[in-house]
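Below, each chain spelled out in residue letters.
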Amino acid sequence: MPFDFGEASVNELDMVSASCTVNKGDLPIDVAWTKNGGRVYTNDGVVVTKTSQRMSVLSIESVRARHAGNFSCVATNNAGVTTHWAVLAVNG
């Protein structure tokens, strides 16, 4: 399912989150987040939470300029890979 961070830039210190949901496909499915091509883990104010076998949430409690970038949700299973991305723009 597509996600976005909204049409407008996010202000520093605001909170932002995005949900990545995979509605179809055989289990097991690996749902991962990337930023500018590198895998994102929980650190530096970013929290990645796997809420189910088909869903992951990325949240940033207090957005900073360094968090800006191209975020992707990458879902992988034995049949293949699918990716959706959105840009997080930050007013800093």
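Okay, so let's go over this structure.

Side note on the pattern of salt bridges
Where charged atoms of side chains with opposite charge meet at close range, the side chains can pair. On inspection of all chains with the given rule, the structure shows 2 salt bridges. With its nearest N and O atoms 3.8 Å apart, the salt bridge here joins R39 to D30. On the accessibility criterion, D30 (37% relative accessible area) is partly exposed. The salt bridge involving D44 is made with R66; its shortest N-O contact spans 3.0 Å. One end of the pair, D44, is in the loop between β4 (38–39) and β5 (46–52); the other, R66, is in the loop between β6 (55–60) and β7 (69–77), with 22 residues separating them in the sequence.

Let's talk about the side chain of S56
Examined against the element boundaries, S56 turns out to sit in strand β6. Taking the relative accessible area as the measure of exposure, S56 reaches 2% and is therefore buried. Only 3.0 Å separates the side chain of S56 from the side chain of W33, close enough to count as a polar contact. Polar side-chain contacts of S56 include one of 3.4 Å to the backbone oxygen of T49.

Focus: the layout of surface pockets
In this approach the atoms are scanned with a rolling probe the size of a water molecule, which exposes any empty space left behind. When its volume is computed, the largest pocket comes out at roughly 260 Å³. Contributing to the lining of the largest pocket are 19 residues, with M1, T21, V22, A75 and T82 lying nearest its centre. Elements that contribute at least two residues to the lining of the largest pocket include exactly β2 (16–21), β7 and β8 (80–88). Considering every element that reaches the lining of the largest pocket, the biggest residue donor is β8, with 5 residues. The residue inventory of the lining of the largest pocket, partitioned by class, reads 9 nonpolar, 9 polar and 1 charged.

What to know about the packing of aromatic side chains
A ring pair, where both rings are aromatic, is described by two values, the distance of the centres and the angle of the planes. Here the structure, examined in full by the defined rule, presents 3 aromatic pairs. Here the aromatic rings of F3 and W33 are separated by 5.0 Å at their centres, their planes lie at 70°, and the arrangement is edge-to-face. With F3 in the segment before β1 (10–11) and W33 in strand β3 (residues 30–35), this residue pair connects regions lying 30 residues apart in the sequence. An angle of 65° between the planes, with centres 5.5 Å apart, marks the rings of F5 and F71 as edge-to-face. Here F71 lies in strand β7 and F5 lies in the segment before β1, a separation of 66 residues in the sequence. Accessibility classification places F5 together with F71 in one group, the buried group.

Describing the side chain of S72
Within the fold, S72 resides in strand β7. Discounting residues that sit within four places of it in the chain, S72 has contacts with F3, A32, W33, T34, T83, H84 and W85.

Analysis parameters
- Residues numbered from 1 in each chain as written.
- Predicted model: local features only at pLDDT ≥ 70, side-chain atom pairs only at ≥ 80, totals over all residues.
- Heavy atoms only, no water.
- Salt bridge = Lys/Arg side-chain N within 4 Å of Asp/Glu carboxyl O.
- Buried < 20%, exposed > 50% of the residue type's maximum accessible area, 1.4 Å probe, protein only.
- Helix = DSSP H or I, 4+ residues; strand = E, 2+ residues; numbered from the N terminus.
- Polar contact = N/O pair within 3.5 Å; in protein donor to acceptor, adjacent residues only side chain to side chain.
- 1 Å grid on protein atoms, 1.4 Å probe; cavity = no way out; pocket = protein on both sides within 12 Å on 5 of 7 lines; lining within 4 Å.
- Points joined across faces, edges and corners; volume = space filled by probe spheres on them.
- Nonpolar A, V, L, I, M, F, W, Y, C, P; charged D, E, K, R; others polar.
- Phe/Tyr/Trp six-rings, centres within 6.5 Å; stacked < 30°, edge-to-face > 60°.
- Contact = heavy atoms within 4.5 Å.

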